[in-house]
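Each chain, letter by letter, is given below.
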Amino acid sequence: MAATATAGTMIIKNGHVFDPLNGINGDVKDIFIRDGKVVSSLTAAQQRDAIVIDASGKTVMPGGVDSHSHVAGAKVNAGRSMRPEDHYKSVRAKTAITHSGSGYTVPSVYKQGYDYAAMGYTTVFEAAMPPLEARHTHEEMRSTPILDMGAYMVMGNNWFVMRYLKEGDIEKAAAYVAWMMRTHKAYGIKCVNPAGVENWGWAKNIHGLDEPNIHFEVTPREIIRGLAEVNEMLGLPMSLHLHANNLGHPGNWQIARDSLMIPAGIGAKNKSDLLWAETKENARRRQTVYLAHAQFSAYGGSSWRDFTSGAADLAKYINQVDDVVIDSGSVPFGPATTMTGDGPAQHDLYMLTGQKWSNTDVELECGSGVLSLVYMKSSPVHAVQWAIGLEVLLLIDDPWKTIMTTDHPNGGIFTQYPQVLTWLMSRKARDDTAKECHKWAYDKSTLGGVDRQLSLYEIAIITRANPARTIGMAYRKGHLGIGADGDVTIYDIDPSSLDTNDTKALTAKLSRPDYTIKDGQIIARNGEIVSVTEGRRFYCRPFVDEDLEKDMLADVKDWFKYYTVGFANYPVPDKYLKNPVAISVNRPLEAEALVRR
Ligand SMILES: [Zn+2]
């Protein structure tokens, strides 16, 4: 390493590079980074000032991208405060450059940032931000070290959205969503148990796509279709992100499949004015619906007594279409904290388990529930959930339709990702675990008959390239093309001698990469944080016609009397965001100016 290395300038030499958006499958090559961005080469003078890492015999991938995790906001904090027992055993000691932190299933914000970075991840998106809790969400993201972040705003039971969609006024719905995203600094649209969470205010839920809810008399189908249309009318970077109805209920694979059919034919449109880093493959999203944590929506049977996996049926549909992406919400066993905007689903889980449970109604907008839980190999239902969480990644043929998550901390903890990846890469790892599980694991699923073992290239797709592409971040993330962010993970894995039957070693190597590099700077080495940077906060600024926006705002101000907060206190001020990156969307042409961000 040069004594006077320039920050953000680096050469990673001779590694086996896995960069699916550039079609690079383990080829030995050098990666050059200058001022934090990937470049084609460095001059001799620049090379003298560069940090040089010898990656011979190692695996080099873009930095990990998590497109669905619960890491910031009121419900995450509720999970921390209601579970003191979660904080005893898992601690990260303070060092000269890091804060201390604690928490296993719901770590403190500091520990969360360090743990993700130590595992090779540089980008994490919060999956559910209620507008009224947006300030809190941004405060926690601001305190999270290192990671680049953004948050999806919960819209599927919002009174204004439901009213406009019931009236069939899609344009005003779009104007409302655009204004909300700008004022609350949101990145994408999340739809949780559409129409059902509103019914939870009357201790009810919704169980069919064409069942109108109380008072608003709007159906899940109308909400899903309407928000998907709004999404593409605005041309947001990511598609509608859907948490389907009947989540966690036996037999729900059918409503999940039927929900995924609703946006068919709308077509993905990206109207953001961004400069895209170079890629060989198309880095633009294809999907118009991104199904969250498919494991929780791929259940067969009709009750817990005849519970089976429905993953094969759900996968069969997804294999036939091109407008759907799923993330897995896999279940790696052990303690978890379930937290979701789906209040009634959490209540059902409370009735089943009797565990500590909290519930919140977010006025006019949505709700949430939090529950502590332990997934046990001895439990028949948990064993099937484990199998389903792997089936959804192995039975969908095209890895570009899948993303690996645990829906942290719902199905499992993000620090368990390496364990999930090991099961995906090794049939032996699955068989070994199945032997320790209740026999339902293989009896009530197809997993025991699945021979597929994912390659490192496919792992790079489902942990980097595809999460980035699905959420519209592949203009700079999830690959190592020229102009991409200099985010790199170097694993001590030699692809030429990789033995996926040595499952313990594989999990250990995936857990603790040799290097995590962000913006061309070494952040973590062998699991230790060696420098702490401040991440970016991505959000969208969609534009609509000014007169339309004025009309919509008049409605909003009229209805605002039902809120307990004042209108002026509603938006999130700029000062809540550190290093904000605002992505303009649907901006009028004359105002266009391409700016590299
Ligand atoms: Zn989630």
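So, how was this worked out
Residues numbered from 1 in each chain as written. Predicted model: local features only at pLDDT ≥ 70, side-chain atom pairs only at ≥ 80, totals over all residues. Heavy atoms only, no water. Helix = DSSP H or I, 4+ residues; strand = E, 2+ residues; numbered from the N terminus. Buried < 20%, exposed > 50% of the residue type's maximum accessible area, 1.4 Å probe, protein only. Polar contact = N/O pair within 3.5 Å; in protein donor to acceptor, adjacent residues only side chain to side chain. Donors = N, O, S within 2.8 Å, 3.2 Å for Na, K, Ca; no water. Axes fitted to C-alpha atoms, helices over the stretch in contact; angles between N-to-C directions. Parallel < 35°, antiparallel > 145°, perpendicular 65-115°, else oblique. Contact = heavy atoms within 4.5 Å. Nonpolar A, V, L, I, M, F, W, Y, C, P; charged D, E, K, R; others polar.

1. Description of the side chain of T137
Relative to the helices and strands, T137 is located in helix α4 (residues 134-143). Given the relative accessible area of 0%, T137 is considered buried. Side-chain polar atoms of T137 contact the backbone oxygen of E133, separated by 2.8 Å.

2. Considering the coordination of the zinc ion
Surrounding the zinc ion are the protein donor atoms H68 (NE2), H70 (NE2) and D407 (OD), which sit 2.1 Å from the metal. Taken in chain order, the donor set of the zinc ion reads H-x1-H-x336-D. With H68 in strand β6 (residues 64-69) and D407 in the loop between β20 (402-403) and α13 (417-425), the pair connects residues that are 339 residues apart, well separated along the chain. In terms of burial, H68 and D407 fall into one category: buried.

3. Describing the packing of helix α5 (residues 159-166) against helix α8 (residues 220-234)
Put simply, α5 and α8 touch, their axes get as near as 10 Å, and they point 95° apart. Our classification of the angle between α5 and α8 gives roughly perpendicular. On α8, the residues that touch V161, M162, L165 and K166 of α5 are E222, I223, G226 and L227. By residue class, the composition of the contact of α5 with α8 is five nonpolar, one polar and two charged.

4. Comments concerning the environment of Q355
Structurally, Q355 can be placed in the loop between α11 (343-353) and β18 (357-362). Its relative accessible area of 35% is what places Q355 among the partly exposed residues. Taking the C-alpha atoms as reference points, Q355 and L371, separated by 16 residues in sequence, lie 6.5 Å from one another. What Q355 contacts, discounting residues up to four positions off in sequence, is Y350, L371 and S372.

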